[in-house]
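A structural walkthrough
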Amino acid sequence: MRGWDLPEFFGFSYLSKIVLSLCMIITSVAFVKSLIFELIQLISGIGNFDIDDLILNSFGAMVGFIVYVRWIKCVKNYSL
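Residues numbered from 1 in each chain as written. Predicted model: local features only at pLDDT ≥ 70, side-chain atom pairs only at ≥ 80, totals over all residues. Heavy atoms only, no water.

1. Considerations on the overall build of the protein chain
Helix and strand content of the protein chain: 2 helices and 0 strands. For the protein chain, the proportion of its 80 residues judged to be buried stands at 10%. For the protein chain, the exposed area adds up to about 7,000 Å²; of that, 74% sits on carbon and sulfur atoms. (Helix = DSSP H or I, 4+ residues; strand = E, 2+ residues; numbered from the N terminus. Buried < 20%, exposed > 50% of the residue type's maximum accessible area, 1.4 Å probe, protein only. Areas by Shrake-Rupley, 256 points an atom, 1.4 Å probe, with all protein chains shown as cover.)

Quick look at the structure:
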């Protein structure tokens, strides 16, 4: 039925917005958490302040969230 294609994509676009907003929230929280740790290292003099850690930790959180969403989708598809 050709008439049902349009409503299916409405739901898909709505869910993709939710998933993208969740990904941005998780990435932002990871960035702030890493920033706090790096600032503590800078102020206390214990450890090194590296901007690379901020970037890599934020990227790792984003990749981890995407892998988690894909994993949950696969588990739901193959559950008995």
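2. Points about the environment of T27
Take T27: it is sitting in helix α1 (residues 5-44). Note on T27: relative accessible area 13%, which makes it buried. Sequence spacing of T27 and V63 is 36 residues, and the spatial spacing of their C-alpha atoms is 9.2 Å. Excluding its chain neighbours within four sequence positions, the residues that come into contact with T27 are S58 and M62. (Contact = heavy atoms within 4.5 Å.)

3. A closer look at the side chain of S34
Relative to the helices and strands, S34 is located in helix α1. Since its relative accessible area comes to 7%, S34 is described here as buried. What S34 contacts, discounting residues up to four positions off in sequence, is L54 and N57.

4. Observations regarding a nonpolar patch on the surface
Among the surface-exposed residues, L39, L42, I43, F49, I51 and I55 lie close enough to one another that they form a single nonpolar patch of about 610 Å² accessible area. The set of elements that each furnish at least two residues to the nonpolar patch consists of α1 and α2 (51-78). Here the nonpolar patch gets 3 residues from one element, more than from any other, and that element is α1. The topology assignment puts I43 in helix α1. (Patch = residues over 30% accessible without salt bridge, like charges linked within 9 Å, V, L, I, M, F, W, Y side chains within 5 Å. Salt bridge = Lys/Arg side-chain N within 4 Å of Asp/Glu carboxyl O.)

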